[in-house]
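Per-entry structural report
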Protein chains: 2
Amino acid sequence: MHLTAGPSGGWRYDAREGGWFERGPAAERDKLMATTAANRQLITALEDEATRLRILSIRATSEAGSGHPTSCASAAEIVSTLFFSVMRYDPANPGDPANDVFILSKGHAAPLLYAAWADAGFLTEGRLLTLRRIDSDLEGHPTPRLPFVDVATGSLGQGLPAGIGMALCARYLDHSDQRIYVLLGDGESAEGSVWEAAAIGSHYKLSNLCATIDVNRLGQSGPTMLEHQMDVYEARWRAFGWQALAVDGHSVPALLEAYEKAARVTDRPTVVLARTIKGKGIPFAEDRNGWHGKALKKGEEENSAIHALESQLHDGRPGPWTPRKPPRRAPSRPEVGPPSTRPPYSIGDMVATREAFGAALAALGEGNPLLVALDGDVKNSTFSEDFQKRFPDRFFEDFIAEQNMIGAAMGLAARGKIPFASTFACFLTRAYDFIRMAAISSSNIKLVGTHAGVSIGEDGPSQMGLEDLAMMCAEPNMTVLYPADGVSAWRAVENAAGIAGPVYIRAGRPKTPVIYGPDEKFAAGRCKILRRSGRDRVTIVAGGVTVYEALKAHDQLAREGIAVRVIDLYSVQPIDQEALQQSARETGGAVITVEDHYAHGGIGDAVLAALAEEPEVKLRKLAVREIPRSGKPDELIARFGISAGAIVEQVRQMAAK
Amino acid sequence: MHLTAGPSGGWRYDAREGGWFERGPAAERDKLMATTAANRQLITALEDEATRLRILSIRATSEAGSGHPTSCASAAEIVSTLFFSVMRYDPANPGDPANDVFILSKGHAAPLLYAAWADAGFLTEGRLLTLRRIDSDLEGHPTPRLPFVDVATGSLGQGLPAGIGMALCARYLDHSDQRIYVLLGDGESAEGSVWEAAAIGSHYKLSNLCATIDVNRLGQSGPTMLEHQMDVYEARWRAFGWQALAVDGHSVPALLEAYEKAARVTDRPTVVLARTIKGKGIPFAEDRNGWHGKALKKGEEENSAIHALESQLHDGRPGPWTPRKPPRRAPSRPEVGPPSTRPPYSIGDMVATREAFGAALAALGEGNPLLVALDGDVKNSTFSEDFQKRFPDRFFEDFIAEQNMIGAAMGLAARGKIPFASTFACFLTRAYDFIRMAAISSSNIKLVGTHAGVSIGEDGPSQMGLEDLAMMCAEPNMTVLYPADGVSAWRAVENAAGIAGPVYIRAGRPKTPVIYGPDEKFAAGRCKILRRSGRDRVTIVAGGVTVYEALKAHDQLAREGIAVRVIDLYSVQPIDQEALQQSARETGGAVITVEDHYAHGGIGDAVLAALAEEPEVKLRKLAVREIPRSGKPDELIARFGISAGAIVEQVRQMAAK
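Since this is a predicted model, take the numbers as computed values, not measurements.

A separate point is the overall build of chain A. For chain A, the helix and strand inventory stands at 23 helices and 21 strands. Here the C-alpha radius of gyration of chain A, 28 Å, is about what a compact globule of 657 residues would show, namely 26 Å. Viewed in the frame of its principal axes, chain A has a C-alpha envelope of about 95 × 55 × 40 Å. Here chain A holds 657 residues, and the buried ones make up 70% of them. Restricting the contact set of chain A to residue pairs at least 6 apart, pairs at least 24 apart contribute 78%. Accessible surface for chain A amounts to roughly 20000 Å². Of this, 48% is attributable to carbon and sulfur atoms.

See below:
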């Protein structure tokens, strides 16, 4: 058994006598300490580093007056071992894409992460004390404002799905030796998303992924479901196809050996199940309920804890540390020119926007190797299978696990890919918390929700996306595109690929006629005025399938001598405020919105907001105002008041006044 | 080994020689067939019934022209065995609360469920052929429009969490012998929510819960992750603490024995892992990819399938069937009078709305035994622990598994309880798909989201609920209450308990002064005008913490000689359109909304919609318009433009015009 300074720097543990560690932590440490001076030095250095991380976490949270020092304390040896012996990275360049990755899924232990980066030399100790201040990037939970944070965490159960995305990227796309380390809490293991990721991780044989669970037994409000039943944790993770290693999470030798074993396995991911004590090292808080999310009070409380910790130091400040160099094979970054595709549609062709999405994605994939796609077992309905067929190596079937799908997309985006994740619009609600966190991360993910609205027909309300615009537009940095025909859907995919940040494309199920020529240009923030005259008495704003209802209403009203303007709201967010204001003014303030979406939070509200400061606007919002049901698409459009007939009726009323 | 007609009717299987079934389906059947005439009769009757269910499912979907006959075919023996031998229920009274419960989590197999209820005598065969029509309650996926459906399904992975709620109810609240059967697909096992439920199910030792997984190997767009790896399924469910029984899902004897074993175990739930063939019995579709969600074409395709199935019948129509009577101990239904609690607060007391929620729930629980509560390991932050302390038997800790929490709440509501499920507002996004389905079910659930908005402070954006109003108000039948002080929060809990259907209460983190007297009345659909004069120049509409900002702005502006009206929008949905319209008119159309929520889908949009048809309204919406960050509450309220100062500035601009 050897601990050696590896050729690329840093301390490495060479476990030629693997397996002995199960005898218990004291025996492990004694045995290792008895070997060489280098081993003794490594162990005491990592132990001291863990103690330092505890002290810094306490100092920062006490200074801030809030935070989670006891959740930091339980994971201190894990982080010390990973950051100062196991991981290969350039501490001066945390954003180097060749670095091994560390994701703090238990985001409330943020001070521990910040302390590690301080001791790695990237942050000053003084900066640690700005924790949680409005002028500091050291937020209460980590966000990518910091260069060493890839995805925002703090909503539990999201780190492992993001890690799946990064591990897929390294293994299958970048073919890099990069390793992905994710630190989870035990409480968050109850989140289903963790098990979605567990299943997918073994399915894709992600041996470059290593999770660690800080099993400290205590949640926020009481003991966790499994407390310290390490055998149950082991059985679950093994059953999900992982190498599961239960260790004493405060034993540096045990952790070193576990990470060494993790690096050696080639056909599955590894989870290190670290049995720990919450509040470890803080005498009055160790393993006690009621200490979650409480900073130690400045003065006696803080001082006594720090005094106790300092007394545990072997050598005071650890000696100089040589970082291990990142793996050589860094991912390549291809040059990508502007897209030069052209929608293969002519006016009048019958094309569903979901079909155009799939076709466009496949076409764009040709010129842009960064494009990748994920789907949740509906690729034959969303048409993402077009991309899969052309680029099977850049397509990841995520099965029916939408949270992991979005999390993995975030991970892929963090590694520079442009992931398109598609499913039915309604099932994106499954992953709203992930979408919310992707927005906080400004993640470059592209979401495509098909089967929007009642116009899907007979499958009924469970399959109808009727709240997706409300959900997506609420995120302030989300671009929301809602193409009505094949050409605009094609351009929406192009637009989305080119926009930095999260984008949502809303697509429909039914085939509709192509209304734009193949060279028509579309842009986020711009709408299309489809019908216009000098005599327009009402502006009708529609999107997707209701554009066709509006056009039908236009023609019928024209026969009655009533001219109306018709706007295709291609971009719901940002919205073309100027065009809408001008049209509203030109039609005497009379505006009708019509949408295949619930009444709150959709097109109607977006238009109302755009016109909020316009004097004399009267707006009628046609939308789905009750829970719908099964039926034929046309029947449902009529029944829920968003048909050409409903528009005509409203226009007549408005025009009569 | 015996199959006997049980004392309460129906056929029962008494497996005194349990275990033999593992020898394989042929051996099982042969052995059982060799026993008694009664056994032979039961087996062939259930086999024929399965064949009939297949035929009816094909007829209904072919008539509808869409649907999922192959997903029905794989589960036909499971449903035949459950409905015609295992389950105890009154087929003439599907809503009898004493009945055993069947939840079709794989909702796309709806025709199979409808066929079973037809053969049980509740539906006519003719009605089956109205499947998916707009005038029929036999929708594409089941909804509670039908008396035998407790919760809408069709978004996969939701049936088991609902079953958890029903099993908790039967075991811990109603102390009934009722058993809960849930049929899942294998594809949906990838959903994390299934594993949330699995963990909770064994934690609460729900031996009255029996899941069956129809492992038919094929998803919608290709093979499932595990295909027919029954050993992996078994290992996972066993590791999650369930009795896991892998059987041939087309073997009636094997299923009978499995359900018998399920009924005998007392300390854990059971999962029957039924290995099946998708499209079983339809020669050209059996075990073939590409047949998901496709009705057989009327004519040759349909006829040939039905011909093949009919040739498998032993006896044609099965003989008369005696339903097994429901268990005797039906849940009691207590009489509940109107609430007679009084908020224990005086004007000026400092109370957080989340605190008042917890206190009110505990107080209301005294007079209303139907009230139950669930929380996701934040009960000490949401204050639902007040209820837990008073009524530990009616509180269910759901740990950090929000999807299961909402699903379980739906299950409890379906059994007549009034469940309050609480967590941070932001974490309800985790369960949006469940909330959406609860709305489709018109489920009587009460959701409480605390820690709304940037006013939570230092924890940062991951913990801030900023899209909850968008999400909740989008559901057209969701009542959304947003109390500003302790008294109104208390009344919101009372209101919520009394409203039939889903209700959301938005609560805040900070303590704020009580502004209403303890006898003030509040109602959904009504707002409160807090400041009013004949000279008001602007109407300010606020909610929660921004009510205080509006009041501060009012006072400051009063000193400048500018009178403004201040409205506390206690009820966001339904909204008090009349009061808002009147105020807007009385202030010359000048309206400002101010909210601790993102700009889209919140209070501002709700008010805009309420005033959409008012001429001459000019509305300015103050809301959080970018991703926020950590900081002190007051700093964040100021920085994101929703402070008294921001309101004053807007009023000055509007008043200057």
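Right, let's get into the packing of aromatic side chains. Following the criterion strictly, the structure yields 48 aromatic pairs over all chains and no others. With 4.9 Å between their ring centres and 70° between their planes, W237 of chain B and W242 of chain B make a pair best called edge-to-face. Each member of the pair, W237 of chain B as well as W242 of chain B, carries the same accessibility label: buried. Between Y345 of chain B and W490 of chain B, the ring centres sit 6.1 Å apart and the planes meet at 85°, which makes this aromatic pair edge-to-face. Here Y345 of chain B, found in the loop between helix 11 (300-310) and strand 8 (350-352), pairs with W490 of chain B, found in helix 18 (residues 486-498); they are 145 residues apart in sequence, far enough to count as distant. The exposure classification of Y345 of chain B matches that of W490 of chain B, with both residues buried. Members of the aromatic cluster, each reached through a chain of ring pairs, are F83, F84, Y89, F102, Y114, W117, F122 and F148 of chain A.

Side-chain pairs of opposite charge can arise whenever the charged atoms involved come near each other. Applying the stated rule across the entire model yields 76 salt bridges over all chains. D459 of chain B is the salt-bridge partner of R132 of chain A, the closest N and O atoms lying 2.7 Å from each other. Note that R132 of chain A is positioned in the loop between helix 6 (125-128) and helix 7 (159-173) and D459 of chain B in the loop between strand 12 (446-450) and helix 17 (468-474), a pairing that runs across two chains. Under the relative-accessibility criterion, R132 of chain A is labelled buried at 4%. Between E355 of chain A and K511 of chain A there is a salt bridge; the shortest N-O distance is 2.8 Å. In this pair, E355 of chain A sits in helix 12 (residues 353-367) while K511 of chain A sits in strand 15 (residues 511-513), placing the two residues 156 residues apart along the sequence. Given a relative accessible area of 48%, K511 of chain A falls into the partly exposed group.

Before going further, it helps to spend a moment on the side chain of S583 of chain A. All names here are of chain A. One can find S583 in helix 20 (residues 577-586). By relative accessible area, which is 1% here, S583 ends up buried. In this structure S583 touches I529, T539, R565 and I567, once residues within four positions along its chain are discounted.

Turning our eyes to something else, we now look at unusual backbone geometry. Residue P574 of chain A is reached from Q573 of chain A by a cis peptide bond, and omega for that bond is -5°. Counting through the fold element by element, P574 of chain A comes out in the loop between strand 19 (571-573) and helix 20. Of note, the phi angle at D377 of chain A is positive, near 60°, even though the residue is not glycine. Residue placement: D377 of chain A occurs in the loop between strand 9 (371-375) and helix 13 (379-382). Non-glycine residue R132 of chain B carries a positive phi angle of around 70°.

When chain B is fitted to chain A, the residual RMSD is 0.0 Å, and the transformation amounts to a turn of 180° plus an axial shift of 0.0 Å. Here the symmetry operator amounts to a two-fold rotation axis. For chain B, the residue whose C-alpha comes nearest the rotation axis is G192 of chain B, separated from it by 1.7 Å. The fraction of interface residues of chain B whose copies in chain A are also interface residues reaches 98%, indicating that both copies meet through the same surface.

What follows concerns the sheet that holds strand 19 of chain A. Residues and elements named next belong to chain A. Strand order across the open sheet formed by 7 strands is 10-9-11-12-14-13-19, with mixed pairing between neighbours. Two strands bound the open sheet, and with one partner strand each, they are strand 10 (395-397) and strand 19. On average, adjacent strands in this sheet sit at an angle of 20° to one another, irrespective of strand direction. As judged from the 2 bridges shared by strand 13 (residues 479-481) and strand 19, these two strands associate in the antiparallel manner. Directly across from L481, in strand 19, lies its bridge partner S571. Helix 15 (residues 402-414) contacts strand 9, strand 10, strand 11 (418-424) and strand 12 (446-450) of the sheet and is inclined by roughly 165° relative to strand 11.

Facing the 109 residues of chain B at the interface are 107 residues of chain A. The junction of chain B with chain A conceals about 8400 Å² of combined surface from both sides, 53% of it contributed by carbon and sulfur atoms. Summed over the shared surface of chain B and chain A, the result is 10 salt bridges. The shortest N-O distance in the salt bridge between D433 of chain A and R430 of chain B comes to 2.8 Å. At the surface where chain B touches chain A, the tally comes to 58 residue pairs in polar contact (both at pLDDT 80 or more). Of the residues forming the side of chain B that touches chain A, the biggest block, 8 residues, is contributed by helix 8 (residues 192-203) of chain B.

A few words now on the packing of helix 2 (residues 37-64) of chain B against helix 11 of chain B. Residue and element names in this part refer to chain B. Axis separation between helix 2 and helix 11 bottoms out at 9 Å; the angle between their running directions is 170°. Between helix 2 and helix 11, the crossing angle belongs to the class labelled roughly antiparallel. Residues T51, R54, I55, I58, R59 and S62 of helix 2 lie in contact with helix 11, whose contacting residues are E302, A305, I306, L309 and E310. In terms of residue class, the contact of helix 2 with helix 11 is built from 5 nonpolar, 2 polar and 4 charged.

Residue and element names in this part refer to chain B. The element strand 21 (residues 618-624) is largely enclosed, with a buried count of 6 among its 7 residues. Bridge count for strand 20 (residues 590-598) against strand 21 is 6 bridges, and the pairing is parallel. Note that in strand 21 the partner of Y598 across the bridge is V624. Crossover connection from strand 20 via helix 21 (residues 603-610) to parallel strand 21: handedness right-handed.

All names here are of chain A. Taken in spatial order, the 5 strands of this open sheet run 16-18-17-20-21, and their pairing is mixed. Looking along the sheet, the strands with just one partner apiece sit at the ends: strand 16 (528-531) and strand 21 (618-624). In this sheet, adjacent strand axes meet at a mean angle of 25° when their direction is disregarded. Two elements, strand 17 (residues 538-542) and strand 18 (residues 564-568), share 5 bridges in a ladder whose sense is parallel. The residue of strand 18 that forms the bridge with I540 is V566. Packing against the sheet, helix 21 (residues 603-610) makes contact with strand 17, strand 20 (590-598) and strand 21, and its axis sits at approximately 145° to strand 20.

Looking now at the confidence of the model for chain A. Residue and element names in this part refer to chain A. Per-residue confidence for chain A gives a mean pLDDT of 93, with 93% of residues at or over 70. In the model, residues 1-24 has pLDDT below 50 throughout and makes 69 contacts with residues more than four positions away in sequence or in other chains. Our summary of model confidence lists the complex with pTM equal to 0.95 and ipTM equal to 0.95.

So, on to the side chain of D605 of chain A. When you line up the elements, D605 of chain A lands in helix 21. Taking relative accessible area as the criterion, D605 of chain A reaches 0% and is therefore assigned buried.

Reading the values: rules and limits
Within any chain, residue numbers begin from 1 and follow the written order of that chain's sequence. Chain labels run from A onward and ligand labels from 1 onward, assigned in the order the entries are written. Only residues with pLDDT of at least 70 get local features here, since the model is predicted, and only at 80 or more are side-chain atom pairs given and counted; chain-wide, interface and lining totals rely on the full set of residues. Side-chain metrics rest on all non-hydrogen atoms present in the structure, leaving aside hydrogens and water. Numbered from the N terminus, helices here are DSSP runs of H or I no shorter than four residues, and strands are runs of E no shorter than two. Atoms considered for the radius of gyration are the C-alpha atoms alone. The globule rule reads 2.2 Å times the number of residues to the power 0.38. Exposure categories follow from relative accessible area, calculated using a 1.4 Å probe and restricted to protein chains: below 20% of the type maximum is buried, above 50% is exposed, and the middle band is partly exposed. Throughout, a contact is declared for two residues whenever any of their heavy atoms are within 4.5 Å. The method behind every accessible area is Shrake-Rupley, applied with a 1.4 Å probe, and residues are considered shielded solely by the protein chains displayed. The criterion for an aromatic pair is that two Phe, Tyr or Trp rings (for Trp, the six-membered ring) have centres within 6.5 Å, with stacked assigned to planes under 30 degrees apart, edge-to-face to planes over 60 apart and tilted to the rest. Here, a salt bridge means any side-chain nitrogen of Lys or Arg that lies within 4 Å of a carboxyl oxygen of Asp or Glu. Least-squares superposition of the copies uses the C-alpha atoms of those residues scoring a pLDDT of at least 70 in each of them. Strands pair, by our definition, only if DSSP identifies at least two bridges between them. In this analysis, axes come from line fits to C-alpha atoms, helices being fitted only over the stretch in contact, and the angle between any two N-to-C directions falls in the range 0 to 180 degrees. Simply put, the buried area is the total loss of 1.4 Å probe accessible area from both parts when two parts are fitted together. Pairs of N or O atoms are called polar contacts if they sit within 3.5 Å, as long as, within protein, a hydrogen donor faces a hydrogen acceptor (for residues adjacent in sequence, only side-chain-to-side-chain pairs). Note on angle classes: values under 35 degrees are labelled roughly parallel, values over 145 roughly antiparallel, values of 65 to 115 roughly perpendicular, and the remainder oblique. By the convention adopted, Pro, Cys, Tyr, Trp, Phe, Met, Ile, Leu, Val and Ala count as nonpolar, Lys, Arg, Asp and Glu as charged, and the other residues, Gly among them, as polar. A clockwise path from the first strand over the helix to the second, with the strands pointing away from the viewer, defines a right-handed crossover. What pLDDT reports is the predictor's confidence in each residue, on a scale of 0 through 100.

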